[in-house]
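Spelled out from the first residue to the last, the chains are:
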Amino acid sequence: MSGGDVLAVKGGSAILTAEPPPFRGHGGGENIIHVRAGAWAGDGRDWENAFSSLSQALAAVDDTRNEIWVMGDVAMDCDDTITRDFKIRGGFTGLEDTAEERTEGRLSVIDATGRDQLRVSASSGNIHLEDIEITRAKKHALYVTGGVSLSMNRVRIINNGTDGGISLEGRG
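Residues numbered from 1 in each chain as written. Predicted model: local features only at pLDDT ≥ 70, side-chain atom pairs only at ≥ 80, totals over all residues. Heavy atoms only, no water.

Engineer: Just to check I follow, could you spell out the side chain of Glu 67 for this structure?
Structural biologist: Take Glu 67: it is sitting in strand β4 (residues 67–71). Of note is the side chain of Glu 67, whose polar atom sits 2.8 Å from the side chain of Trp 69. Those residues in contact with Glu 67 that lie beyond four places of it in its chain are Asn 31, Ile 32, Ile 33, Lys 87 and Arg 89. (Helix = DSSP H or I, 4+ residues; strand = E, 2+ residues; numbered from the N terminus. Polar contact = N/O pair within 3.5 Å; in protein donor to acceptor, adjacent residues only side chain to side chain. Contact = heavy atoms within 4.5 Å.)

Here it is as structure tokens:
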């Protein structure tokens, strides 16, 4: 139970009432894919219906939904190859409706927990990472090949494996 929950026992029955979560009604709009650790199986459309994993969010990226917002710390549960433009922005608390509402200096940790890497491969495209930390990948935190353009703002790459933090190959 949290601070706003009330448990009443009446005639041998228990009644639990709870306030809605603080992130209810918040999110970035229809082109944003939301990821929140501990979320139930949602469709990523807002914080309340967020995906629980980065792989679900990356699989949902398409031409209209190509920006991923991460609340808190999540596992990098995929070694997938991503072949389209996308953004991953972290540092969200779940109370934001725009990226500008985030607290400055806050990062979301993407924990690779022994996965090989997040692989981005395409003949062209744009990848943007912002306000995240990628840690504990077995090989690279990020492996970028082809003609992909990579931009990063306030990104920390630490404690990754045998091949270093970021590998850039190709003409991008």
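Engineer: When you look at the packing of aromatic side chains in this model, what are you seeing that I'm missing?
Structural biologist: The way to describe two aromatic rings as a pair is by their centre distance and the angle between their planes. Scanning the model with the defined rule gives 3 aromatic pairs in all. Where Trp 47 meets Phe 92, the ring centres are 5.6 Å apart and the plane angle is 50 degrees; that geometry is what we call tilted. Placement of the pair is Trp 47 in the loop between β3 (32–36) and α1 (54–60) and Phe 92 in strand β7 (residues 86–92), with a sequence separation of 45 residues. We note that Trp 47, like Phe 92, is buried. With centroids separated by 4.3 Å and ring planes inclined at 15 degrees, the aromatic side chains of Trp 69 and Phe 92 adopt a geometry described as stacked. Linking Trp 69 in strand β4 with Phe 92 in strand β7, this pair joins segments that are 23 residues apart in sequence. The same class applies to Trp 69 as to Phe 92, namely buried. (Phe/Tyr/Trp six-rings, centres within 6.5 Å; stacked < 30°, edge-to-face > 60°. Buried < 20%, exposed > 50% of the residue type's maximum accessible area, 1.4 Å probe, protein only.)

Engineer: Looking at this structure, how should I read the side chain of Thr 135?
Structural biologist: Counting through the fold element by element, Thr 135 comes out in strand β9 (residues 118–135). Ignoring sequence-local partners within four residues, the contact set of Thr 135 consists of Val 109, Ile 110, Asp 111, Ala 112, Thr 113, Ile 158, Asn 159 and Asn 160.

Engineer: Any chance you could explain the nonpolar core here in plain terms?
Structural biologist: Here is a general trend for soluble globular proteins: nonpolar side chains tend to be buried in one another's company. With 27 residues, the main nonpolar core has Leu 58, Ile 68, Ile 88 and Ile 110 as its most contacted residues. Looking at this core, the elements with two or more residues in it are β3, α1, β4, β7, β9 and β10 (142–158). At 5 residues, the largest contribution of residues to this core is made by β9. By size, the runner-up hydrophobic cluster in this structure holds 6 residues, among which are Ile 32, Trp 47, Met 71 and Ala 99. (Core = buried A, V, L, I, M, F, W, Y, C linked by side-chain atoms within 4.5 Å.)

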